[in-house]
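# Inside the fold
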Amino acid sequence: MFTYISRRLITSVITIFLAAILVFSALLAIPGDPAEIILGINANPKALVALHEQLGLDVAPVPRFTNWVMGAVQGDFGESLKYRKPVRGLITDRLRVSLPLAFGSVLLACLIALPLGIFAAVKKGTIFDPIVVIFSQVGAAVPSFWLALMLILFFSVKNHWLPAGGFTPWERDPSAYLRSLILPILALALGQTAVMTRMTRAAMLEVLNKDYIRTAKAKGLSSRIVLWTHALHNALVTIITILGISLTNILIGSIVIEQVFALPGLGRLALTAMGTRDYPLLQAEVMFYASAIVFLSFLVDMSYGFLDPRIRYT
Amino acid sequence: MKTFLKVLVGLLIFGLSISVAQTPEPVYGGSVNIAITAEPPGWDPTVSTSQEIARVMYHNVYEGLVRFKENGEIVPALAESWEVSDDALSWTFKIREGIKFHDGSDLTLEDIVAKFNRAKDPDSGHVHTKYFTAIETIEAGEGNTVTFTLNKPSSSLLFNLARPDSIIYPAALQESQASTPIGTGPFMFDEYIEGSEVRLIKNPDYYMAGVPYLDAVNFKIMPDPDTRFAALQSGDINLIGTSLPPEQFLQLDSLAGLKGTSGSATTEITVGMNESRAPFNNKLVRQAITYAIDKEAIVNGAMFGLGTVIGSHMSPSEPYYIDLSQQYSYNPEKARELLAEAGYPDGFTIKFELPEPYNIERRSGQVVAQQLAEVGITVDLSVVDWGTWINRIYLGHDYDMTIIGHSEPKDIGVYGNPDYYFQYNNPAVTALLDAVELELVPENQTAIYQAVAKILANDAVNVWLFSPPYLVAVSDNLYGFWQNQPTPSIDATEIYQVQ
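Remember, predicted model here, so these are calculated numbers, not experimental data.

What follows is about the sheet that holds strand β8 (residues 187–193) of chain B. All names here are of chain B. Spatially, β8-β9-β10-β1-β11-β19-β12 is the arrangement adopted by the seven strands of the open sheet, whose pairing is mixed. The sheet is open, and its two edges are formed by β8 and β12 (258–263), each paired on a single side. Looking at chain direction, β12 and strand β19 (residues 470–475) are connected through six bridges and run antiparallel. Looking at β19, one finds that Thr261 is bridged to Val472.

Across the contact, 40 residues belong to chain B and 42 residues belong to chain A. Carbon and sulfur atoms supply 51% of the area buried between chain B and chain A, which totals about 3,400 Å² over both sides. Put simply, chain B and chain A have seven salt bridges between them. We note a salt bridge from Asp385 of chain B to Arg277 of chain A, for which the minimum N-O separation is 3.0 Å. For the pair chain B and chain A, the interface holds 13 residue pairs in polar contact (both at pLDDT 80 or more). Looking at the side of chain B that touches chain A, the elements that each hand over two or more residues are β8, β9 (197–202), α5 (225–234) and α11 (386–395) of chain B. Of the residues forming the side of chain B that touches chain A, the biggest block, seven residues, is contributed by α11 of chain B.

So, on to the pattern of salt bridges. The tally for this structure, following the rule as stated, stands at 29 salt bridges over all chains. Asp211 of chain A is the salt-bridge partner of Arg214 of chain A, the closest N and O atoms lying 3.0 Å from each other. Taken together, the residues Arg214 of chain A and Asp211 of chain A, both in helix α9 (residues 211–218) and three residues apart, mark about one turn of the helix. Where Glu39 of chain B meets Arg268 of chain A, a salt bridge forms, and the shortest distance between an N and an O atom there is 3.1 Å. Placement of the pair is Glu39 of chain B in the loop between β1 (31–36) and α2 (51–57) and Arg268 of chain A in helix α11 (residues 266–275), with the two residues belonging to separate chains. Each member of the pair, Glu39 of chain B together with Arg268 of chain A, is buried. Linked by salt bridges that have partners in common, Lys85, Arg94 and Arg268 of chain A together with Glu39 and Glu194 of chain B make up one network.

Attention now goes to the confidence of the model for chain B. All names here are of chain B. Considering every residue of chain B, the mean pLDDT works out to 92; 96% of them sit at 70 or more. Ranking the elements of chain B by mean pLDDT puts helix α1 (residues 2–21) last with 48 and strand β11 (residues 239–240) first with 98. Within the model, pLDDT remains below 50 along residues 1–5, and this stretch shows four contacts once partners closer than five positions in the same chain are excluded. With pLDDT under 50 throughout, residues 11–19 is counted as low confidence; its partners more than four residues away or in other chains account for seven contacts. For this predicted complex, the interface score ipTM comes out at 0.83, while the overall pTM is 0.88.

Okay, the nonpolar core next. Core analysis: the largest hydrophobic core is formed by 85 residues, its most contacted members being Phe261 and Leu281 of chain A together with Leu232 and Ile240 of chain B. Contact partners of Leu232 of chain B, with chain neighbours within four places excluded, come to Ile237, Asn238, Leu239, Ile240, Leu252, Leu258, Ala473, Val474 and Ser475 of chain B. Counting 36 residues, the second-largest nonpolar core is a separate cluster that includes Val271, Ala335, Leu354 and Val375 of chain B.

Within α11 of chain A, seven of the 10 residues are buried, which leaves it mostly tucked inside the rest of the structure. Looking at the packing, one finds that the buried side of α11 of chain A touches α5 (87–122), α10 (223–260) and α12 (279–307) of chain A together with β10 (216–221) of chain B. Directly after α11 of chain A, the chain includes Arg277 of chain A, whose backbone phi takes a positive value near 55°.

Further remarks concern the domain arrangement of chain B. Residue and element names in this part refer to chain B. For chain B, the domain assignment lists domain 1 (2–43 + 185–265 + 470–497), domain 2 (62–173) and domain 3 (268–467). Here the C-alpha centroids of domain 1 and domain 2 sit 29 Å apart. Every contact between the two is made by 15 residues of domain 1 and, on the other side, 13 residues of domain 2. Summing both sides of the interface, domain 1 and domain 2 together bury roughly 1,200 Å²; the carbon and sulfur share of this comes to 53%. In terms of surface lost to domain 2, no three residues of domain 1 exceed Tyr207, Trp482 and Pro486, which account for 42% of the buried area on that side. Connecting domain 1 to domain 2 are one salt bridge. Linking Asp491 and Arg67 is a salt bridge whose minimum nitrogen-to-oxygen distance equals 3.9 Å. The tally of links from domain 1 across to domain 2 stands at seven residue pairs in polar contact (both at pLDDT 80 or more). Looking at the side of domain 1 that touches domain 2 residue by residue, the classes come out as nine nonpolar, five polar and one charged.

It is worth spelling out the environment of Lys100 of chain B at this point. Residues and elements named next belong to chain B. For Lys100, the location among the structural elements is in the loop between β5 (90–95) and α3 (109–119). Expressed as a C-alpha distance, the spacing of Lys100 and Thr184, which sit 84 residues apart in the sequence, is 6.4 Å. Leaving out residues up to four positions away in the same chain, Lys100 has contacts with Ser105, Asp106, Leu107, Gly183 and Thr184. Of note is the side chain of Lys100, whose polar atom sits 2.8 Å from the side chain of Asp106.

This paragraph deals with the packing of aromatic side chains. Applying the stated rule across the entire model yields 41 aromatic pairs over all chains. Note on Phe155 of chain A and Trp161 of chain A: the rings are 6.0 Å apart at their centroids and 55° apart in plane angle, and the pair reads as tilted. Overall, Phe155 of chain A belongs to the partly exposed group, its relative accessible area being 21%. Judged by relative accessible area, which is 47%, Trp161 of chain A ranks as partly exposed. Taking 5.6 Å as the distance between ring centres and 25° as the angle between the ring planes, the aromatic pair formed by Trp389 of chain B and Tyr394 of chain B counts as stacked. Judged by relative accessible area, Trp389 of chain B falls into the buried class, the value being 1%. Taken together, the ring pairs in this structure connect Tyr358, Trp386, Trp389, Tyr394, Tyr399, Tyr415, Tyr420, Tyr421, Phe422, Tyr424 and Trp464 of chain B into an aromatic cluster. The ring of Tyr83 of chain A has Lys82 of chain A lying over it, and the distance from NZ or CZ to the ring centre is 5.5 Å. Of note, Lys259 of chain B hangs over the ring of Tyr479 of chain B, and the distance from its end group to the ring centre comes to 3.8 Å.

Reading guide: rules and limits
Residues numbered from 1 in each chain as written. Chains lettered and ligands numbered in written order. Predicted model: local features only at pLDDT ≥ 70, side-chain atom pairs only at ≥ 80, totals over all residues. Heavy atoms only, no water. Pairing = 2+ DSSP bridges. Helix = DSSP H or I, 4+ residues; strand = E, 2+ residues; numbered from the N terminus. Contact = heavy atoms within 4.5 Å. Buried area = accessible area lost by both parts, 1.4 Å probe. Salt bridge = Lys/Arg side-chain N within 4 Å of Asp/Glu carboxyl O. Polar contact = N/O pair within 3.5 Å; in protein donor to acceptor, adjacent residues only side chain to side chain. Buried < 20%, exposed > 50% of the residue type's maximum accessible area, 1.4 Å probe, protein only. pLDDT = per-residue confidence, 0-100. Core = buried A, V, L, I, M, F, W, Y, C linked by side-chain atoms within 4.5 Å. Domains from an automatic or database assignment. Nonpolar A, V, L, I, M, F, W, Y, C, P; charged D, E, K, R; others polar. Phe/Tyr/Trp six-rings, centres within 6.5 Å; stacked < 30°, edge-to-face > 60°. Lys NZ or Arg CZ within 6 Å of the ring centre and 35° of its normal.

Laid out in structure tokens, this is it:
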């Protein structure tokens, strides 16, 4: 167990580090200069040189990168070139938008998908099963940005129930805060709900056809006990795996959704950082995403051992 | 179709003029939400040329000695009057008495002197120092005056002093302006919710009597045009005064509770050609390209008829405008002849790169590419992101052809810079542009500017397609907003909302 965890830890760190190198080289490869973008057209050459020095862009790429890595190891991710503020503060500030958005979407997706998937599996052979299957096919096929616009049209433009976009912090107005997150959460969750429903249904069907289920039924257990303890418990490994993948998808999907709903989250910050070649910010963001994804998959792997005693880590 | 569009636009303008005629009396109080499109990199217009800064801050929070009015006229702001010496080398501005900054401190002459010393110093990090090169010294004088002594007469001085970068703030607080702006304007900077909105509140001590009307203005950052328009329809936003697509503007008439205005702007949508490389170094080719492009069709097709076809680097809103749109007007036959004469009877292949952030440019560019194909020019069309555009095309001059809206007012002077991205070098133009700086009689200035415009048109330096109008979409109970855009600004001083 210990060797497994330490091995996972080492590969995680390498993965995250490789992600940072990749972003840094990509930013070097594409044309564009942060100082030029900040000063805009009509910048005078002297100001450009001065800003270059100020931003540390006059340092050669390799030392620039190693300096940044040395700082990052100590928790100092440098200063954003566009915002001229510490990157760490910017990211933690935007997390208050992106975290509730991601967790809200996953929670909503689970609340709908798990019961629906189980229900469809149990009701196989009735009219309910194909209905759920059709729903999940359509839901998975609808792109989230399109769904977002449809939600805005219905809830904001037509009925004025919810804001079309924008964000109000919790401390300023809790109800406005919640209202500003409802539509983005819906838009992000629906696609994942569909996928999770389908996977849950498939996982449950597979388990329900197993011999031990038949045995459990044969020895006279009630169908409720068979379903909730025998079947669901065994399907959980697959369901947790899907959950991990869904969270990753939601993190990535939020980049588009934040743009559509004008939410100042991590995703939009990443887009801005990309557009302005703000490499300290973008590197830190990519490292954050990479860490989150690596950590999630680690959690998922660890959970297998608890869910299924047959799984052992070596 | 063309006639239909003209009738439609005509009806719209007619409808608008009726609504303008019934302007109600101003009302005090309330707050409005205004959409902007991007997060500005700080709030100090003297360290960044981001137009979003000017849109929010110009004459709302920050003011200069003089300012633009909505119609482009330059009127007193912090200076109540000014005098010019006979040799035009000495400009004395009388500063209003008793003006306070938003932090309660007094506006001093030292603040003004320090500002322009910084503005003219190329090492100071101030943007656009070239606007201030004519200033030799600036000194505080008797009777609350400041005097600019120039090293040569400058007909653009007053204009440059009205620009968004000529604003005054407390000299000692320069460093903190990017995060906490302190100005003298009708609104005070209240709060910035990072990435989401900036809130300005009424300055109760504003020196102009009676304004502003509103208690607060919130500028909300909304990058997506569809979301902005939806937010306007749902009432979350009261005004969109930037980057309104023409098709959204045309919908306004049929939407309850909303109205639109179409005014003048100083933008020229320009197909820029790289004169430092073949085939664009051949005037015949440039003329052929100009003949090949049906500007009218672009305005109708890409802009739904909203836009004025132009023929040189001037928008109709500029005081010295001359209509040259008929020079080399659409004639594909003539274009083919000229191409053959230039030695390209079978055409050639060029790369045409469109800037990603600009929708109007992108859609116009697509039509241009199609029209060029019809005269035998093969166009390899691609879209480039903004960082690449600035770096490789604008500063690196590594491109064939591109398209961009030149939105700065009075920017025909760029043709005097041979190192500008289209690499046009004509000593006659440079000489005229130098001469106009020294010319103080407005009529003579107009004559020189028009002469420059004619040379540019004749040389077919670029293809100036059209000047798009300044489009605004607002709640129909909102009045007093700028309907023209002499400089990028959403001036809220006189905005009011009736219930």
